[in-house]
Amino acid sequence: MKSLSSDRHNHYLANDILPAAPHPTGLYDPRFEHDSCGVAFIADIKGRRTHETVADALRALENLVHRGAHGSEVNTGDGAGVLLQVPHEFFHRECAALGFALPAPGEYAVCMCFLPMDAVGIDACRQMFEQQANSLGMSVLGWRAVPTDNAAIGPSAKAGEPGMHQAFLRRPDTITEVAAFERTLYLLRRRMENAARDRDFPGHECFYVCSLSPRTVVYKGMLSADQIGAYFPDLSDPEVRSALCLVHQRFSTNTFPAWRLAHPYRMLAHNGEINTLRGNVNWMRARERQFASELFGDDIKDLLPVVDESASDSATLDNVLELLVMTGRSLPHAIMMLIPEPWTGNDGMNELQRDFYDYHSSLMEPWDGPAAVTFTDGTLIGAVLDRNGLRPSRYYVTKDDRVIFASEVGVLDIAPEQIAHKGRLEPGRMLLIDTAQGRIVDDSEVKSQVATEQPYGRWLAENRVGLADLPSAPHVPTPDHGTLLRRQQAFGLTHEEKRLLVAPMSQNGEEPIGSMGTDTPIAVLSARPQLLYNYFTQLFAQVTNPPLDAIREELVTSVATAIGPEGNLLDPQPESCRQIELKSPVLDNDELARLKHFEAPGFRTCTLPAVFDVREGPDGLTSAMESLYELADRAIEDGCTILILSDRDVDALHAPIPSLLAAAGLHHHLVRTGTRTDIGFVVESGDAREIHHYCLLFGYGATAVNPYLAFETLDEMIQDGELADLDHDTAVRQYIKAVNKGVLKVISKMGISTLQSYHGAQIFEAVGLDRSLVDRYFTGTASRIGGVGIDVIAEEVLTRHRTAYPVRPIAAPDLDPGSEYQWRRGGEYHLFNPETVFKLQHATATKQYKIFKDYTRLVDDQSRTLATIRGLLDLQYADEPVPIEEVEPVEAIFHRFMSGAMSLGSISTEAHEDLAIAMNRLGGKSNTGEGGEDPARFLRDANGDWRRSAVKQVASARFGVTSEYLVNADELQIKMAQGAKPGEGGQLPGHKVAGPVARLRYATPGVGLISPPPHHDIYSIEDLAQLIYDLKNANPRARVAVKLVAEVGVGTVAAGVSKAHADVVLISGHEGGTGAAPLTSLKHTGLPWELGLAEAQQVVVMNRLRDRIVVQTDGQLKTGRDVVIAALLGAEEYGFATAPLVVMGCIMMRVCHLNTCPVGIATQDPELRKRYAGKPEFVENFFRFIAEEIREQMALLGFCTMDEMIGRSDRLNVRPAVDHWKARGLDLSTMLEQPDVPDGVHIRRVREQYHALDKSLDNTLIELARPALERGELVRAHLPIRNVHRTVGTMLGSELTRRHGGDGLPDGTIQFKFDGSAGQSFGAWLPRGITLTLEGDANDYVGKGLSGGRIAMYPPADATFPPEENVLLGNVALYGATSGEAYFNGVCGERFAVRNSGATAVVEGTGDHGCEYMTGGRVVVLGRTGRNFAAGMSGGIAYVFDQAGTFERRCNRGMVDLETPDGQDQEAVRALVERHYEQTNSPRALRILEGWEQAWPLFVKVMPREYRKVLQDQRTESAAAISVAPAVAEVSLG
Amino acid sequence: MAFVQIERRLPKRRPVEERVRDWGEVYSPFPEDKLTHQARRCMDCGIPFCHQGCPLGNLIPEWNDLVTRDKWREAIDRLHLTNNFPEFTGKLCPAPCEDACVLSINSDPVTIKQVEISIIEHAFREGWVTARPPAMRTGKRVAVVGSGPAGLAAAQELNRAGHLVTVFERDDRIGGLIRYGIPDFKMDKQLLDRRLSLLLEEGIVFRPNADIGGNVPAEELRRDHDAVVLALGALRPRELPVPGRDLAGIHYAMPYLTLQNRRNAGDHIPDDEFVSAAGKHVVILGGGDTGADCLGTAHRQGAKSVTQLQWRPAPPETRGQNNPWPEWGYVFRTSPAHEEGGERAFSISTREFLGEQGQVRAMRAVQVEVEDAGDRRARLLEVPGTEHEIPADLVLLAIGFAGPESHSVVRELGVELTERGTLAMNDEKMTSVPGVFAAGDAERGASLIVWAIADGRITARNVDRYLMGSTDLRGS
């Protein structure tokens, strides 16, 4: 039944619906929402307009439904939409019926807009609309209320449902060309949007323009993919015809009604995320003042602000794309500017294109993905993939000239014989269809055309200058050892920092690592003066976008930058690139001096003093900032183009302004005044020394940094003989190298690949800074619990200054010893200190609860006074406590306890097994960590003990993640991030991979192992949903948990994870983490769990998604009180890692990564392992005591069961922190806020997730396979398959493994043949005994985790395209495979066989990053590979049939050599090619075999160097050296 | 992994037969290459329990590391940062740091004390230890009463802070217990003189033979100084009220040791004022360090036999369950003096002293057991039938100290005492009299030299803050 949906509230109580898009509340801030999606388009190359195109596009969208998500209501989707050409015939008919006539196509525009539901609002909006249109000379021909049918949509979607209206505007007679008409329409829309923003008319809050164009119209809403057709009956009308149709389905992390956030936008639809958004938005705003365009004249001001800051990343990108196109650039040109392919390290790119990108990098920083962007102006339609290529994008070109592009193959049934070509979008590449010209425009053609529009190369040559080319400076500052010590003290340098940070950076060229997390107070709770840097924590990517691998995938990264003014973005001139090119953003003294002395037209530097007079006291800092602004403004007026902020003037009377404050404050000041892009700015700083410092300086706007004091310190250490064998230049060079590498690592944690994009992107959260301070100097940064103001910051500076320049000098001056990393008496506070470690060990070893209480009193008291956020909370006890006997017994509590994820390897077998035994005895859960588990532990021991870990971790390297491993779990934990180093992978040197550590990881002893930073099958939230579904299939009896690390926005991620059907969400605090991590990560990434947990609870409850997930938390939990607070903040289960280790004897040596643990825990050294003295009983005692304490607290709180306590943050009070000079400004009330939800909305888990396993194709397969499963009989069957059939074969595999163990059944016992397009994860973790054959094609993750099974794929028999040139399967096939075989008669996507550790595969061509991180197995590629083949490959062998002789260039030879294969290889390869032919009937295989003599010399062998060495050693019997080499600890992966 | 590969080694002790014939130090020098080798065993712990176990908070891992890298200059600077007199502690401290060393959990600890003494001796040899008079004077005057380790540490710290410090000592020589309480075979007194001359050079004024309340009126002390530090020690000996206690030949340990020290220092002491063990059966009551000092002294004086008794049972060979690492290990220890001979007996209680003509000749002793009294205070039970006689011509009482002696200065200043008889004071180390502070055993009760230095430093920091409103002294 059609309706205008005005009865939307009729059937629903207000209580049932989610509130309209909320404002920031509690810890929730809508800014941190993410979305991610499925996208598709269908285009008729020849421009033929048909209804079929629209209908097909809608059908494709329906087949992408699994890529979207539903909220707490199954019928409320996150958003879906359609963009199509204006269907003139249809509108003509409809408008005629409404009583007005439309002119010819092109002479009118259609506005699709959301209006209020009430008549008054509608009238007001229409009136406003008509007035604005009239003022631009356009008349509104008429209005059409778009019919909608909201019968099927959910109550929450209904609650926010707007009215859908179309306005038709006549083109003014004065305007003749379409582009001019579009510009006028753009101006109209911007004016209306600004009026709405200014609340100029009633109904403004509903008013939203979906599209306003003579060429295209957008239908969209908060719908799911399968609802859109029914909701908009228009779309089914046969007269709705279009030559192109772009569709989109959204997966949002939240579920709040957001009709306008549905895609497509006016010009694009986007799958992925813009990581650099904050910086991009800031820079756009900074540029606005310079905007000038002949096309708009004075009207240009009405286009501002270009970016709606409250909108999503996609909307923002759309805003800017539109601006660039409307002001005169072509659509492909604008796209190339925004999403440039990697050009710095790309040898294969032609000069003209490189010049284009180089030139444009002076105008704009890249908008970094992961992004697959589809775009159209109604005539051109195309798609582009960002440089990393992390979003799947596949297309078919049909013989009847259509292109079907989508996130997946198989969204439409196309007869195989109709297909001319199957392709995929490659990283950085553009697919462009010009429906006017009627052809597909090749990537290189379109880019060459754009690149030759202007002589960019000449412009660069004439204007751009390299820093090294500048004339030498007459004077370079030299170290001043006489005053060095005082200046070091003034900037707060410690001996510890010199020894542990600065020295190793210059010695090794990389930053040092540490272990065992951090247990010092956050800066605001520290009694010691802290550097301002320490009040900021780095954000990192988790789930919604992937961290990058800056090391292995170097080709996309760059720290190069340029300094100097930017020109008018809208009017590019040769002078726009008049800048100085910097290869590194860290300048040595010589470089800075050159810069300072360089005088040329367009270049003038000015140095501003960043110091303040100590006699003015703390107030001096504020006034110094103001005068800094004045000086800068004046310098800019005087034509200065490079500002240098320098704190070199520090002396007895002058204290430094913290560099970060000076830089960020000035940056924001200049952004506000609109002069930021007139200058470049450099910070000459005495306080920058750690990686984190540089990240902050760049992130808050500094273009380059000269850390002169760090250099002088290096010089001092050289003089003192502390840096053996280093001269000054080498030390400085190495130090700079370490900084660049470290910065790159930090930015890649956020998924950003170039420093240029990170520059000014502010990817930080402030913790413990007063909000007004943050708003003023760090505008746009989150600071959610308030904190210290500028007076305290100044006082901290002055305290350091007084130490350096004491009024009454006492002792011979010396640096503070420092105590951040190692405990020192009177130094920084550590929760684990001599007293607490001693008491804890003594209490648990001798089972003395009284002593345990001493321990907890110490911990609780000290955390109350100065260490933790939870210490600032008070429990609000009940007026009448319940008798303790009525509180549930300890035994009822144990199941809530988990021990931390520590791999065998990170800790010794003894320690690992004792933990498991203890947890199993109690009924809690231990965790394997990322290192596999010995199958011998799956069975109980004779004495009844069980060494099996209940929780099996699935981390990025997938070490030992086999079907058997997964089946033997109660919980499967996806480690998205690790507290100690979120967003990073790890590395394990070869000498540590020995014995069981190697065996369980399916690694070669002696060969190093690398864990990738991202899970290569999770680049977005819908990928995570897929992995959860995969794991659920791999073990339907296990819970699937997702481990996140606390950071701002973790709540929205948690909501998304709940929507992705995880059973458990773990919020880890940053302090935790027993594994080795770079010190920057260990100290400066992530948040305490209290904040993360509170945010997660609030957001998930707000979204009504709490009822279906268990929430866990961990990160330095130490006492019963800690657990009680975690429970009240919303956690149901609690993890402990450090404390149980201490209980087993750990004394916080913090050398786990060195394998020298003196108590035999974090070591594999047999001698040291003998020293291990822990016992499972100690651990049992610990948890028993914790449970006992919890009970005592529960009695006082008046709770009988823990369930009653979950989420009751109302029982927590904020202690007035008056006794702490810095904590006074903290405001924790937002943490304790409870979302305002109606009764009946659950705040803890009460129901199961619905995993839809009952709908899996595997139910059929299992039935069919019963004779094989039960009796080992042969089973064969033939079935059709579609892309909606995901994870086929996995549940069947789990059945097989459960019954027959890790060895499975004889190869080929079960054989299933499929026809069609398979969905994602076809054959994941397929065990031995199952063979899946697919005739057709498949999506991503084919054969992931292959565990002995066999997969064969080939194109349909009646296909006419050559298989070896067409894409057969998607990305990341065979990820983490451990054994088995796979044969692919066709080309695959990126990252083929990534982290393969034992499977054998043949494929006919690969995308980029093939065989990345491979550690074992054999791969034969019978065709072209993409770039960066074999990056990080440390084991196994690949053979590439290199017909064109170009493979060498595309191979990353960092770890491998290319060899000519020998006779033994020949036999093996030939056998594999024969088998390939036998399995897939590959024509190429046949040709190769037939011409073997000619073909064989073209094979290249890819051999990892370390692996070869080990194999040789084994052959020459010197292998003994390896087998007896001490098995050594691994912590980097823990 | 030096801590696995290298075994703990200490310097050799001189042969017993040689060393009991002189008053020279027991230990031979330790070659520096061996020492640095030993220092390499340090693991540079995340939580250096040694550094916590040291009352001074010595930055042990840091100077261990510096020594291994041959950076002796930096090492002494880092050592002097927390310890004014490392040569004293390096010789005399029982090294609770070594008991707390992480290595001692399952192996032998680092030879921390040996590293310490080596650093300071190296520094003296190199001439690096020089007087460091303050850069400026505050014009404030401070009196320190008592020149033991606490007084000297407080004096040096306060002098460095720029105050004019005068140290008053009632004895004829400066040094307190270090001077007269410590036998020379444990520490050569030249070490003390060497240090004192530096203190002098730094501007500290020493007034020996100055008995406050005696030849120096307490009033004068108050009048002439802005602050007073009482570092009086706790030399009032614990009494042993048994029959025969007043027989001749029964002496407190401290006067006994003092006499020998004076002689060694060249003082002429007539034999009839001297107490010698020569040719005597000597019984030492008390199993502590002072007892061991008496033991070594008696042997050197030529005792016929020496028996050291204590009422406690012999400590266990390894730590008991309720005496875990990193606590001070209550275990059976053998000091160099024990190596030199004599009997040790445990669980022995003194019944009475037996004498002839007013001179002690034996003691009657009995075996005792400690009653397992649960939470209550333990009681000694005599074991029936174990009473026996021990020949004793000389009895030395080394059974501990009861608190500060009754000083006239305390009375005259009107300083309040605690129930234990020690000086009462507040958190700022000030006694009940404004401007009068206390440090060391006088407020703590008899304890280790390392505590005395630490207390002196802490009190100095408080005095400085009292005088100036703020302080940059580290304290401890």
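Residues numbered from 1 in each chain as written. Chains lettered and ligands numbered in written order. Predicted model: local features only at pLDDT ≥ 70, side-chain atom pairs only at ≥ 80, totals over all residues. Heavy atoms only, no water.

## Quick notes on the environment of His 1061 of chain A
Residues and elements named next belong to chain A.
Thought 1: Looking at where His 1061 falls in the secondary structure, it is placed in the loop between helix H30 (1050–1059) and strand E38 (1064–1068).
Thought 2: Overall, His 1061 belongs to the partly exposed group, its relative accessible area being 35%.
Thought 3: In this structure, the C-alpha to C-alpha distance between His 1061 and Thr 677, residues 384 residues apart in sequence, is 46 Å.
Thought 4: Once residues within four sequence positions are removed from consideration, His 1061 is found in contact with Ile 1028, Gln 1249, Tyr 1250 and His 1251. (Helix = DSSP H or I, 4+ residues; strand = E, 2+ residues; numbered from the N terminus. Buried < 20%, exposed > 50% of the residue type's maximum accessible area, 1.4 Å probe, protein only. Contact = heavy atoms within 4.5 Å.)

## Structural notes on the pairing of strand E6 (residues 208–213) of chain A
All names here are of chain A.
Thought 1: When you tally the buried positions in E6, you get 6 out of 6 residues, the bulk of the element.
Thought 2: The pairing of strand E3 (residues 108–115) with E6 spans 5 bridges and is classified as antiparallel. Note that in E6 the partner of Phe 114 across the bridge is Tyr 208. (Pairing = 2+ DSSP bridges.)

## Regarding the sheet that holds strand E29 (residues 782–788) of chain A
All names here are of chain A.
Thought 1: A sheet is described by the order of its strands in space; here 3 strands give the open sequence E19-E28-E29, paired in mixed fashion. Both outer strands of the open sheet, strand E19 (536–538) and E29, are each paired with one neighbouring strand and no more. Within the sheet, the average angular offset between the axes of one strand and its neighbour, ignoring direction, is 25°.
Thought 2: Across 3 bridges, E19 lies against strand E28 (residues 764–769) in antiparallel orientation. Of the residues in E28, the one forming a bridge with Phe 536 is Ala 766. (Axes fitted to C-alpha atoms, helices over the stretch in contact; angles between N-to-C directions.)

## Quick word on the packing of aromatic side chains
Residue and element names in this part refer to chain A.
Thought 1: This model, assessed by the stated rule, comprises 49 aromatic pairs over all chains.
Thought 2: Relative to Trp 143, the ring of Phe 129 has its centre 5.0 Å away and its plane inclined at 70°; by these criteria the two rings are edge-to-face. Here Phe 129, found in helix H3 (residues 119–135), pairs with Trp 143, found in strand E4 (residues 139–145); they are 14 residues apart in sequence, far enough to count as distant. You'll find Phe 129 and Trp 143 in the same group, each marked buried.
Thought 3: For the ring pair Trp 1492 and Phe 1499, a centre distance of 5.9 Å and an interplane angle of 35° mean the geometry is tilted. (Phe/Tyr/Trp six-rings, centres within 6.5 Å; stacked < 30°, edge-to-face > 60°.)

## Concerning the pattern of salt bridges
All names here are of chain A.
Thought 1: This structure, assessed with the given rule, holds 152 salt bridges over all chains.
Thought 2: Residue Arg 189 is joined to Glu 193 by a salt bridge in which the shortest nitrogen-to-oxygen separation is 2.9 Å. Of this pair, Arg 189 and Glu 193 both sit in helix H5 (residues 178–197), 4 residues apart, roughly one helical turn.
Thought 3: On the basis of relative accessibility, which here comes to 19%, the residue Glu 193 falls in the buried class.
Thought 4: The closest approach of N and O atoms between Arg 391 and Glu 1022, which form a salt bridge, is 2.6 Å. One end of the pair, Arg 391, is in the loop between strand E11 (380–385) and strand E12 (394–398); the other, Glu 1022, is in helix H29 (residues 1021–1034), with 631 residues separating them in the sequence. (Salt bridge = Lys/Arg side-chain N within 4 Å of Asp/Glu carboxyl O.)

## A few points about the packing of helix H33 (residues 1120–1129) of chain A against helix H36 (residues 1176–1197) of chain A
Residue and element names in this part refer to chain A.
Thought 1: Close contact between H33 and H36 brings their axes to 8 Å; oriented N to C, the two are set at 55°. For the element pair H33 / H36, the angle class is oblique. In the packing of H33 onto H36, the handedness of the crossing is right-handed. Here H33 contributes Gly 1120, Arg 1121, Val 1123, Val 1124 and Leu 1128 to the contact with H36, which in turn contributes Ile 1186, Glu 1189, Ile 1190, Gln 1193 and Leu 1197.
Thought 2: Classifying every residue of the contact of H33 with H36 by side-chain character gives 6 nonpolar, 2 polar and 2 charged. (Parallel < 35°, antiparallel > 145°, perpendicular 65-115°, else oblique. Left-handed = near helix turned anticlockwise from the far one by under 90°. Nonpolar A, V, L, I, M, F, W, Y, C, P; charged D, E, K, R; others polar.)

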